[in-house]
Amino acid sequence: MKKKPKTARTPGANSPKNGSKRSASGNGAAAGAKNGARSNTSSLPQQRTYSIPDMRLEKPSFSVRQVRKGNGEECCYEISGDLSAPAPPIRDSKYLNKQQCIEIYRWMVLNRKMEQALENLYKQGKVVGGVYFGLGQESCSCASAFALDKDDWVAPMIRNQGSLLVRGFEPRDMMMQYMAKAGSPTKGRDGTSHFGDIYERNVVSPISMLGDLIPVMAGVALGARLQGRNIAVMTYIGDGGQSTGVTYEGINFAAVQKLGLVLLVESNLWAYSTPSEMQYCVEDLAERAIGYGIPGVIIDGTDACQVYDAARDAVERAHRGEGPTLIEAKMMRMKGHAIHDSADYVPKPMFEYWRRRDPIARFENYLVNVKKWLTPQEHQKLISDVEGYLEKEREIAVNSPMPDPASAEGGVYCEDGCHHIKPKYGIPKVLASKPSVNRKREEAAIHFK
């Protein structure tokens, strides 16, 4: 096939960096392209299936490069560009009211203070193994989970403990889990956040192999469809894990079958310890949605209102049976990969830049000073109530017993009836089989649609 010249690409595809290269980056420039809507592909060749809107109020203008020092023996990273800009304002939500904003803020505060308590427990030698933090990512975890309906499902990753709180887990659950206590969700059999609840809270346990949750959640959505329901299934992936093969396979399957997958790409800049500039060539990971023929959108991951609105739009699209949505949330992981990682590879000016964009501090300013939905006294009471509640949860977790060693034998293999799972939404709809001798050629393949 003869290749068409580059000049035939979608307008804006070769524009400069920092958010200006997409045809609808924040300004709605693509004809008819609104919030991830399909473009009109009939008039011009090589039009993208969907536009990639950029909802951010700020597009950072800096880059990271690798350098070697000391005769090339030491490898490190340097940052260049303007890092002096103040944090942008919070964008008003299309959906959230005063009470809902305050509720999301409370979840975010609880998320952070719980992780601070976990850090103290680790330093006291009470934690078994390591601890993983979502510092700087509280907006993404809490506001996205808040956008789900009760019958929807979520599969958090290790930095999405805020999602677990929103879905009904208590801080004691996370603390006991990290301390491997008998009362933890896994009864002391795991010392990390690998737990869920498929019976009451519709939470699928995290999987260490990055990307594997995506096809699992596509399967959850498929199972619900076979029972007559279109539901939203939300999961997360980082900028590093987004390059795994199973990620592509899972998104593609969900796209082809139009399953209600809501995928949040938490683009937190450093994967494990590698900057984004050295991980992939596209400027924005949301552009990869184009290859699947699904909507992609870019948001400020430190703005709770932007996170909620994008997630809610994707959830409603899933409920209508229109398929997956890819949301790229831009932010930075403000600690190392885990508590053992000091993140010395990150240039210090980058920490300072993102510290000014602390999602909790920004949302506090929005609620107290901009919208005036909380008085300083009401805000202080909210913080005090969270701290008092968390201290009680910490005491329960610390004083809980360790598991009986004899119990280690249980739960290794499925015992009779121990995992009997009933359909949640109805009896699956299946077609009656036909004798193979009478089956027509076109009926040989089974399709899920």
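An account of the accompanying structure is given in this report. (Residues numbered from 1 in each chain as written. Predicted model: local features only at pLDDT ≥ 70, side-chain atom pairs only at ≥ 80, totals over all residues. Heavy atoms only, no water.)

On to the pairing of strand S7 (residues 325-330), then. Summarising burial for S7: six of the six residues are buried, a large majority. Side chains of S7 alternate between two faces, with Thr325, Ile327 and Ala329 and Leu326, Glu328 and Lys330 buried alike. Inspection of the sheet shows strand S5 (residues 261-267) paired to S7 by six bridges, in the parallel sense. Counted as the bridge partner of Leu264 is Ile327 from S7. Summarising the sheet, strand S6 (residues 296-300) and S7 pair through five bridges and their orientation is parallel. (Buried < 20%, exposed > 50% of the residue type's maximum accessible area, 1.4 Å probe, protein only. Helix = DSSP H or I, 4+ residues; strand = E, 2+ residues; numbered from the N terminus. Pairing = 2+ DSSP bridges.)

Moving on, we get to the environment of Gly81. By the secondary structure assignment, Gly81 is in strand S2 (residues 74-82). Along the primary structure Gly81 and Val64 are separated by 17 residues, whereas in three dimensions their C-alpha atoms are 9.0 Å apart. Non-local contacts of Gly81, meaning those with residues more than four positions away in its chain, are made with Ser61 and Phe62. (Contact = heavy atoms within 4.5 Å.)

Most of S6 sits out of view: five of its five residues are buried. The alternating pattern of S6 places Gly296, Ile298 and Asp300 on one face and Val297 and Ile299 on the opposite face, and all of these are buried. Taken together, S6, helix H8 (residues 304-319) and S7 form a β-α-β motif whose crossover is right-handed. (Right-handed = clockwise from strand over helix to strand, strands pointing away.)

So, about the sheet that holds S7. Pairing in this open sheet of five strands is parallel, and the strands run S3-S4-S5-S7-S6 from one edge to the other. Both outer strands of the open sheet, strand S3 (153-155) and S6, are each paired with one neighbouring strand and no more. Taking each pair of neighbouring strands and ignoring which way they run, the sheet shows an average axis angle of 20 degrees. Across the face of the sheet, H8 comes into contact with strand S4 (233-238), S5, S6 and S7 while running at roughly 155 degrees to S6. (Axes fitted to C-alpha atoms, helices over the stretch in contact; angles between N-to-C directions.)

In this model H8 runs 22 Å from its N-terminal to its C-terminal C-alpha over 16 residues, within 8% of the 22 Å that 1.5 Å per residue would give. Most of H8 sits out of view: 14 of its 16 residues are buried. (Expected span 1.5 Å × (residues − 1).)

Moving on, we get to a nonpolar patch on the surface. On the surface, Ile198, Tyr199 and Ile421 cluster together into a nonpolar patch covering about 270 Å² of accessible area. Along the chain, Ile198 falls in the loop between helix H4 (171-178) and helix H5 (213-226). (Patch = residues over 30% accessible without salt bridge, like charges linked within 9 Å, V, L, I, M, F, W, Y side chains within 5 Å. Areas by Shrake-Rupley, 256 points an atom, 1.4 Å probe, with all protein chains shown as cover. Salt bridge = Lys/Arg side-chain N within 4 Å of Asp/Glu carboxyl O.)

Shape is all these values report; function is a separate question.
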